[in-house]
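Single-letter residue listing:
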Amino acid sequence: MTVETQGDTREGTSAAGPASPTVLDRGRPASSADLRRRADWIRLGTIDLIEQAGLGHYSSTFSCAEIFAVLYYHTLRIDPANPAWPDRDRLLLGKGHVATGLWPVLADLGFYPKDWLRQFGKLGSPLNDHPNMRLAPGIDFSSGSLGHNLSVGVGMALGGRLAGRDYRTFVLTGDGELQEGQVWEAAMAASHYRLGNLVAIVDANGFSGGGPTSAAMNIEPLADRFAAFGWRVSEINGNDVDALVETFDALPDPSGEAPVCVIARTRKGHGVSLFEQAPQAWHLGLLSPEQKAEVVAEISGRMA
Amino acid sequence: MTVETQGDTREGTSAAGPASPTVLDRGRPASSADLRRRADWIRLGTIDLIEQAGLGHYSSTFSCAEIFAVLYYHTLRIDPANPAWPDRDRLLLGKGHVATGLWPVLADLGFYPKDWLRQFGKLGSPLNDHPNMRLAPGIDFSSGSLGHNLSVGVGMALGGRLAGRDYRTFVLTGDGELQEGQVWEAAMAASHYRLGNLVAIVDANGFSGGGPTSAAMNIEPLADRFAAFGWRVSEINGNDVDALVETFDALPDPSGEAPVCVIARTRKGHGVSLFEQAPQAWHLGLLSPEQKAEVVAEISGRMA
Amino acid sequence: MTQPAEQGQASRTDGPKMVDVFSDVDIDTALATNPAGVAIAAMADEDPAILTLTADLGNVLNEFRERHPDRYIELGIAETNSISVAAGLATCGFKPYVYSMSPFGMLKCAEQIRTDWAYNHLPVRLVGRLTGLAMGLFGTSHHAVEDISVARAITGMTVVAPADAQSAVSLLRATATMAGPVYVRIAEDASPVYDEPPVYEFGRWQRLRDGADIALIGHGMGVGLAVRAAEQLAGSGIEAQVWDAAYLKPHDADAVLAAAATGRIVTIEDHNVIGGLTSIVAETLGRAGVAARLGSVAVPDEDIEVGVPADLYEYYGINVAGVVARAAELTGRL
Amino acid sequence: MTQPAEQGQASRTDGPKMVDVFSDVDIDTALATNPAGVAIAAMADEDPAILTLTADLGNVLNEFRERHPDRYIELGIAETNSISVAAGLATCGFKPYVYSMSPFGMLKCAEQIRTDWAYNHLPVRLVGRLTGLAMGLFGTSHHAVEDISVARAITGMTVVAPADAQSAVSLLRATATMAGPVYVRIAEDASPVYDEPPVYEFGRWQRLRDGADIALIGHGMGVGLAVRAAEQLAGSGIEAQVWDAAYLKPHDADAVLAAAATGRIVTIEDHNVIGGLTSIVAETLGRAGVAARLGSVAVPDEDIEVGVPADLYEYYGINVAGVVARAAELTGRL
Ligand SMILES: Cc1ncc(C[n+]2csc(CCOP(=O)(O)OP(=O)(O)O)c2C)c(N)n1
Ligand SMILES: Cc1ncc(C[n+]2csc(CCOP(=O)(O)OP(=O)(O)O)c2C)c(N)n1
Ligand SMILES: [Mg+2]
Ligand SMILES: [Mg+2]
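Cut-off values and rules
- Residues numbered from 1 in each chain as written.
- Chains lettered and ligands numbered in written order.
- Predicted model: local features only at pLDDT ≥ 70, side-chain atom pairs only at ≥ 80, totals over all residues.
- Heavy atoms only, no water.
- Donors = N, O, S within 2.8 Å, 3.2 Å for Na, K, Ca; no water.
- Helix = DSSP H or I, 4+ residues; strand = E, 2+ residues; numbered from the N terminus.
- Buried < 20%, exposed > 50% of the residue type's maximum accessible area, 1.4 Å probe, protein only.
- Contact = heavy atoms within 4.5 Å.
- Axes fitted to C-alpha atoms, helices over the stretch in contact; angles between N-to-C directions.
- Parallel < 35°, antiparallel > 145°, perpendicular 65-115°, else oblique.
- Left-handed = near helix turned anticlockwise from the far one by under 90°.
- Nonpolar A, V, L, I, M, F, W, Y, C, P; charged D, E, K, R; others polar.
- Near = heavy atom within 4 Å.
- Polar contact = N/O pair within 3.5 Å; in protein donor to acceptor, adjacent residues only side chain to side chain.
- Areas by Shrake-Rupley, 256 points an atom, 1.4 Å probe, with all protein chains shown as cover.

S.K.: How would you explain the coordination of the magnesium ion (ligand 3) if you had to name every residue and give the values?
M.R.: All names here are of chain A. For the magnesium ion (ligand 3), the protein coordination sphere consists of Asp175 (OD), Asn205 (OD1) and Phe207 (O), at 2.1 Å. In primary-sequence terms, the residues that donate to the magnesium ion (ligand 3) follow D-x29-N-x1-F. Pair noted here: Asp175 is in the loop between β2 (169-174) and α6 (181-192) and Asn205 is in the loop between β3 (198-204) and α7 (213-216), with a separation of 30 residues, a long-range link. On the accessibility criterion, Asn205 (8% relative accessible area) is buried.

Written out as C-alpha cells, the structure is:
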C-alpha cells in the first residue's frame, strides 16, 4: 500500500533521490569502550546544562545515557546535514524530560552549532528541558507530556508503510510513563497494524517521579504485558552498551510483522553513586558546587 | 484500613444497622429455565422501549441479556426499596448504551414504578438511552462515554475497602470498550490495590460499532492481557445462564487479593436470528413493524 | 423538570424520533446529510496525502473507504490515540482528517490536540460530527456543548463551523492547505443556506442579508435559523441583518462591530452560552468598548435535558420561533 | 525570536533560575509555598471523609501522607484514571481532592471531569498546581494557560483561584461542603496579599482597595501584582481600585460593573488572554452593554516562549511594571 506523498512537512532531500553523502548509516562501527565513554560524556554534558538552567533531571537522564550513546553513535540511520531527510530513522523521546542528554549529542553530530548549548535555559533558546521539534534540528517530535509519543511513533511507522519507506521509528519511554493508558492504546494499534518498523525501548529504571513504580503503581510483569499486546519482547541490561548493540543489531527487518519492545533494565542515576543511592531525590534537582566536583570526578575518573 | 465516612452521597440506611428486610440477598435461588426466560423478557422489553424512542441498540443489549438476568435475579445483593444502601453490590454499565435492557429489570424489581417505562424517550424522563445516576434509582453510576466505568469501579471498590464494607463492584464492559486506554489504567490500578471486591465482566461479542473488533482494532488474547495486568481471569459462554450462575457463585470472597475478570464470550444480537446474522447493522437501528412481529414471534415462541 | 410519573402523559409513539445519524446505508454518499464525508472523499481524489482516521466512526466515511481503502485508518475506540497517531502521520507529509463525535473529540483529546498538533503547527484536522444536542436521547453523556470553548483556548487552532453542506465543502477546501491544525464543527441539524459553495475569506464572516434594525449572527445550524427568522421578521417590518459566523477562531471582530451598529445582536448556536459565539460577540464588544443590546439563542449553562433533538431544540427555543422571539424582545416590537 | 546563536549572548549563570517546586524537602510543610497541601492536611484532620489522590505528584502532599497514610491514594502517571476513580469514591461518601499539574489536570481530563464529576454533581475537587508559566523551562509542553477556559465551559463546575496562601485556605474551606465539583487553581508565583484567611462570599470578588481612576482586577498571582501596582500608581496620583477575582465560575458580574464605573479596567492573570479573566470581564461588559476601556496583562494567544518563569513573566510584562504601564496607557497619565 504505497502512496505518493509530498514529502516531509519540513525541508528535506527528495524522497526519490539517493541518500546524501552526509548520511550516518545504520550499524556504524564503535567499540564498547568508546560507547561507554560516550555515555559518560553525555552525563558530563548533562551536568553542565542543568547547572546552567538551575534545575534538571539528572537520574532520569543518567539511566538512559548508554541507550543514547548506542543509538546515536551506532544504530540510527540519520543525516545531521539534513535533519528532515524522509528516510531517516526516527527517535522519539516519550520521556521528554531527558532532552538534556540529547543536546550535546545532536550538537556533536552536527545538527546545530555547539554554541547553541550555551543558550540552554535562556529565553529564546531552541534547546529546552523538553524537546521541541519546531526549534531544534534533529528532534523528530516534541514531548514533555508523558504517554503521547508511542502513539506518535505508531503514526510515523504507519506513515513509513504508507510511503513505502524502510526507516525505523524508535520510541524511548519511561517505565512510569507506561502507567498512561494512551501507551496501551498505542501498543494495541502497533500490533494490530503489524508495525515491525516500530521499536519501543522502555527505560525500565524502576522509579517514576515520586518513588519506585512498584509502590506507586505496579507495571510488572512488563514483558508479559507487551507480549499479550502483540509485541515481540526482549529484556536486557540497558546500561550495558554491548547488550544494547547486540539487541539493536539483531532487530528484525523493518518489514517484519510485529513491533519490537526492548525492555532495558536500567539503574536510575546510573554511573554516579550519589544518584544511584537516591534516584528519587535526583529526579529533579541541582548539584551544589561541591557535589558537582565529586560527581564529575567520579565520572571523569573512569573515562581516563 | 477502615475509615469512618458520612455514608453515601444519597439517602440510605445507616451503615451500622442490619440489612433492611427488603434486601435481595446474594445467590437467590432461580432455575436455569427461569433465568433464560428472564433474559428473553428483557429482550422483549428492550424492543418496546426502542420502538418508543425511535432508535436504539438492539444487538448490544441482546448480547448481555443473560448477564443482566443472572446478575439481577440471582447474584447481586441489592435493596430496591433503598437504592443507595451503602452495602449494596454495585453494577456499573461501562457499555452504557445497553441501559434499555436494565430499565424493565429495575422497574420489575421495584426501584421505580413500572409506568416510568412509558416515558422513555421523552423529554424529562429519568430513563434514557444511557443511564443517569442522578435520575434513575438503581443506577450506581452514569455512563455513555465508553472506557470510564472500570475506573469508577476501582474507586467504588477502593471505597469499600476504606469503609470496611464487603460489597462487590461489578463493571460490565464492552469488548470494543477495551480499546480505550483508560480501561488499562483502571486494570493496572485494580490489581495494584488488590481489589478482590471488583469484578469486570467483558461482554466479548466480537463487535464494536463499526464491525468486528478483530478488523477494527484487535483486542485478543483478552485473557492473557488481563492476566498480565494482574487479574484472575475466567472465560465462559456469556449467553449460557448456567455458566454465568456457576461463575458468579464461585467468585472468590470480596476480601480476596486479585480483581476478577469474567470474559463472557457472547453473540452480539443473541437470541434473534435477524440480529445474529448482522449484528453490526443492528448495533443501532429501529425494527419495522413487520420485522418486529417476526422478532417478537421468535422470542415468544421459545418462552412459552 | 417534574418526574414523568407525575406528569402522567401518554406514551407518545407519534412524536419526533431519533434519526440514525450513524447509518451506513443512505447517509454516507449524500452531501446534504454527510457533507464532510463526501467532501473529504472528493478532496482525497485530488490529493494523495489526505488520510482519514476514526475511532470506530467509519460508517460516515464509506465513500472515502471505498475509493481509498489504504488511506482510511481505523484506530478502534481510542480517541486520544487517534489524535497522536495523526500527528505522527502529519510529520511524514500526510494530511490526516480525524473524524470524531463532538461530545468526545475535542473535550476528550484536548491535551493531545494542544500538545501534539497545535504546539507543533501540524496540518491535521479534527472533523466533529454530532454537535450540540444532536445526539438527543443519548445525551446523558452525549451532548456536545463545550467544544468551541475548548478549541478556542488552544493557541494556533483554526475553528470553523459550516452553515450547511455547501458551506462545509467551502470551509474544508479553504482550510485544506493550512499549516496548522483545524477544527471543523459539522452541525447535524443545519438547514440549507447556500445554493453553491460560498467563498470565504480567512477569518471573515459572511453578511447574508442587510438590515438596520437588528443583527442575527449564527454558526452551524444557527445560520439557517437566522435566515429563516429574518424572513419572518421582515414580514413584521423588522429588517434583520444576518451573518454567517463561519470562523470561530480567528473570529471577525469587524463583523461584530458592523453588527453592533444596528444596536441589537442576537447570537444563535447549538453550544453552551458560555465559551462559544455568544461569548465571542460579547467579548468583542467589551474589548472594543462598544455597547449593544445582546440576546442569545443557545444552550443554557445548566444540566441539559435528554430527549430527541427536535424536542430539545424546541424546549430550549433553539429554532426559528426562538430567534424571532428574542429579536422581538430586543427591538421591543411584534 | 532570533536564534540564540545569532544573539551571541554569554551564558548567564547568574540570572534567574528554575525553582524546584516538586521538592519534598522544604516545600511540603510550608503554608506559603504549599498552601493547598497544608490546608487540605488540616481539613482532613477534622473530616475523615477527605481523601487525596495524585498521579505521581505525591511530594506536595507529604504532610497529608504522614498524618493520613490510608487516605492518600497514588494512581501513578494516569491522570484520567485518577479523575474517574475519584468519582467512584465520591459516590461512597468520600470527598476526594485530586492533585494535579495544571498543564495536564484540566486539559487532559476535561471529558472525564465533565462526564463523571459535573454531570453527576459529585463533591470532588481538582487542585491544580503549577499554573500559567510556572513550569518555565519545561514549557514546551508544560505551560498551563488553557485550564480556566476549559473549566468554565463545563456546566456545574465551580472555579476558584486563590490570590495567596491565606486566600487558598479560605477558598478550600469555603468550597469544602459544596455538592458539586470544584477546580482550585493554585498559582505558584503569588506574593502575599492577605494577613489572615479572608472571608469570601460564594461567587463574589473582594474589593481590596478603592479608587476612582481605574480598576485593576486579578486572580491568583495577579492579585498581588495589582495591589503592588496600585501602590505605585498612587505615588503618581492615580487612584486604582483593586479586585481579587477569586471566583472565576460563577464570577461576580456586579463587581465587573462596579469596576467599569471607573471607566477603565486592567485584568491581570497568568492565563491565555482568551477564555480566562480577561474574557470574563469583556464578556460581562458586552452582555451588559456597558462600555469601558480595557487593558490586559495576560499571556498572549501565541506560541509561548520557554525559559525560567522570572524571565517569561518579564518578557510578557506579567509583573508590577507591566500592570503600571497598562494602567498608565489607559489613564493617559504618567
Ligand atoms: C502527562 C504527564 N504527567 C506528569 C508529568 C510529570 N512528570 C515528569 S517526569 C515524571 C516521572 C516519569 O517517570 P518515568 O516515566 O519512569 O521516567 P524516568 O524519569 O524514571 O526516566 C512525571 C510524573 C508529565 N511530564 N506528563
Ligand atoms: C468514548 C466513546 N467513544 C465512542 C462512543 C460511541 N459508541 C457507542 S457504542 C460503540 C461501540 C461499542 O462497542 P462494544 O464496547 O464492543 O459494545 P457492544 O455494543 O458490542 O456491546 C461506540 C463506538 C462512545 N459511546 N463513547
Ligand atoms: Mg522510570
Ligand atoms: Mg462488542
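After that view, the rundown keeps rolling.
S.K.: Please set out the environment of A:Gly56 residue by residue, giving values where relevant.
M.R.: Residue and element names in this part refer to chain A. With respect to the element layout, Gly56 can be found in the loop between α1 (32-53) and α2 (58-63). Note on Gly56: relative accessible area 0%, which makes it buried. Along the primary structure Gly56 and Ala163 are separated by 107 residues, whereas in three dimensions their C-alpha atoms are 39 Å apart. Excluding its chain neighbours within four sequence positions, the residues that come into contact with Gly56 are Ile50, His283, Leu284 and Gly285.

S.K.: Quick one: what's the story with the coordination of the magnesium ion (ligand 4), residue by residue and with numbers?
M.R.: Residue and element names in this part refer to chain B. Listed as protein donors to the magnesium ion (ligand 4) are Asp175 (OD), Asn205 (OD1) and Phe207 (O); their distances from the metal cover 2.1 to 2.2 Å. Within one chain, the residues donating to the magnesium ion (ligand 4) are spaced in sequence as D-x29-N-x1-F. Of the two residues, Asp175 sits in the loop between β2 (169-174) and α6 (181-192) while Phe207 sits in the loop between β3 (198-204) and α7 (213-216), which places them 32 residues apart along the sequence.

S.K.: Can you tell me about the packing of helix α1 (residues 32-53) of chain B against helix α9 (residues 241-249) of chain B, naming the residues and giving the values?
M.R.: All names here are of chain B. With their axes 9 Å apart at the nearest point, α1 and α9 run at an angle of 110° to one another. As the angle between them shows, α1 and α9 are arranged roughly perpendicular. Along this stretch, α1 crosses α9, giving a crossing that reads as right-handed. Residues Ser32, Leu35 and Arg36 of α1 form the contact with α9, whose participating residues are Val241, Asp242 and Val245. Here the residues of the contact of α1 with α9 are counted per class, giving three nonpolar, one polar and two charged.

S.K.: So what's going on with the site of ligand 2? Residues and values would help.
M.R.: Around ligand 2 lies a shell of 24 residues, among which B:Ser60, B:Lys95, B:Asp175, B:Lys268 and C:Glu79 are the nearest. Site remark: ligand 2 is flanked by residues from chains B and C. Within the side chain of B:Asn205, one N or O atom sits 3.0 Å away from an oxygen atom of ligand 2. One of the side-chain nitrogen or oxygen atoms of B:Lys268 is found 2.7 Å away from an oxygen atom of ligand 2. Relative to its free-state accessible area of 590 Å², ligand 2 is covered by the protein chains to the extent of 96%. Taken together, the residues of the shell around ligand 2 sort by class into five nonpolar, eleven polar and eight charged.

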